[in-house]
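Listed below are the residues making up each chain.
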Amino acid sequence: MNLTAKSHSIPLSDGNRIPLLGLGTYGDPRTTSKGTALECVRLAIDVGYRHFDGALVYFNEHEVGQAIREKIADGTVRREDIFYCGKLWNTFHPPELVRPALERTLKTLKLQYVDLYIVELPMAFKPGNEFYPKDQDGKYIYHHTDLCATWEVECHPYFTQPKLLEYCRQNDIVIVGYCPIGSSRDASWVNVKSPPLLEDELLVSIGKKYNKSSAQVALRFNVQRGVVVIPKSFSPERINHNFQIFDFSLTEEEMKAIEALNKNIRFVELLMWSDHPEYPFHDEY
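This structure is a prediction, so every number in the text was calculated from the model and none was measured.

A. Just the sheet that holds strand β6 (residues 116–119), in detail. Spatially, the four strands line up as an open sheet ordered β3-β4-β5-β6, and their pairing is parallel. Single-partner strands in this sheet number two, and they are β3 (23–24) and β6.

This is how it looks when you write it as C-alpha cells:
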C-alpha cells in the first residue's frame, strides 16, 4: 500500500473512499475555549488533513463546519476533498428520531451532507431535550431500543483486534479505530490501570530508528494495515506531528513485533455507565 500525505485513502464497499488518518474533534465543552475547534480544523486542513471526526454532542460542530466552509471558500479544498463523520447521540436511537438528528447536525455544520454517520455508542438514553437525562437520584435514565447498526471499534497496539480485523477484511468492512495512541487518564471512563501506550519500549525504540515518536509509530502501524485512525488533538504542534507518518514505513518484522504487543487491553471502559443492563457494550476479540 503506497501511502503519501496527499494520497492515503482506502475504498469503502459503496465505492467511496475514506482517508486513513483523520482528526478527532472532541473537546470537553466545560474546559475547551470557544473557537478552539475552529482554529484547529483550519490548521489541520492547511497541514493536509482531509478526514474529520465529530459529533453533535461535542457541542462544537458549528465551529468545525465553519472551518471547513472557510477553507472551501478560500480555495484550499473542495467539499468533495473532505470526509466528515458525524454521530448519532444516545437520545436519538428510536428510528423516527434518526433523520431529525442527522438534519440537526447538517444544520449545525451548514453543510449539505456528511460522508459517514454512525451510532456514537451502542446504548440509548431516554429521548428528550436533555443529552444526559438523569432521574431525581442522579442516575442516568436509559431507554431500550433495538440496536442494529455499525459502531466504531477501539484499536491500538495494546488492543490490536486481530479476529475483528480479519473478519472485516473478508467482508470488505473498514475499521475506524479510536484511541489509536492510547487515551487520557480520566478515571471516569478510562482504565487507568492500563500501562501508558506511548511509553512502550518497543514503540520508543522503533521510533528512534526512524527519528519518529512512539505516537507516530503507533499511528503508522494501524494505517499500514488498513485501519483508519482518528487521533484527537487541539494542540497545533501535535496536529502537525500526528500527520507526519507518511514519510516512513515499518518493516514486516516491525509490524509483527508491534502486533505481538497485544494485551487485549481496552483503555475506554465508560465506567460512568456501568449500571446499564447491557454493560459492557462490546465483545472482546
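B. Region of the structure containing the pattern of salt bridges. Going through the model one piece at a time under the given rule, you end up with 12 salt bridges. The salt bridge involving D28 is made with R30; its shortest N-O contact spans 2.8 Å. Take R30: its relative accessible area is 74%, and that puts it in the exposed class. Measuring nitrogen to oxygen at the nearest pair gives 3.0 Å for the salt bridge that ties D115 to R79. One end of the pair, D115, is in the loop between α3 (95–109) and β6; the other, R79, is in the loop between α2 (61–73) and β5 (83–88), with 36 residues separating them in the sequence.

C. Inspection of helix α5 (residues 201–210) at higher detail. When α5 is considered as a whole, its buried residues turn out to be L203, I206 and G207. Viewed end-on, α5 has its buried residues packed into an arc of 105°, placing them on one side of the element. In α5, the exposed residues that point more than 90 degrees away from the buried face are E201, K208 and K209. Where α5 is buried, its residues meet α6 (214–224) and α8 (252–259). Capping of α5 at its N-terminal end is provided by D200; its side-chain oxygen lies 2.9 Å from the backbone amide nitrogen of L202.

Parameters at a glance
- Residues numbered from 1 in each chain as written.
- Predicted model: local features only at pLDDT ≥ 70, side-chain atom pairs only at ≥ 80, totals over all residues.
- Heavy atoms only, no water.
- Pairing = 2+ DSSP bridges.
- Helix = DSSP H or I, 4+ residues; strand = E, 2+ residues; numbered from the N terminus.
- Salt bridge = Lys/Arg side-chain N within 4 Å of Asp/Glu carboxyl O.
- Buried < 20%, exposed > 50% of the residue type's maximum accessible area, 1.4 Å probe, protein only.
- Arc of directions from axis to C-beta.
- Contact = heavy atoms within 4.5 Å.
- Polar contact = N/O pair within 3.5 Å; in protein donor to acceptor, adjacent residues only side chain to side chain.

Purely spatial values, then, with no claim about function.
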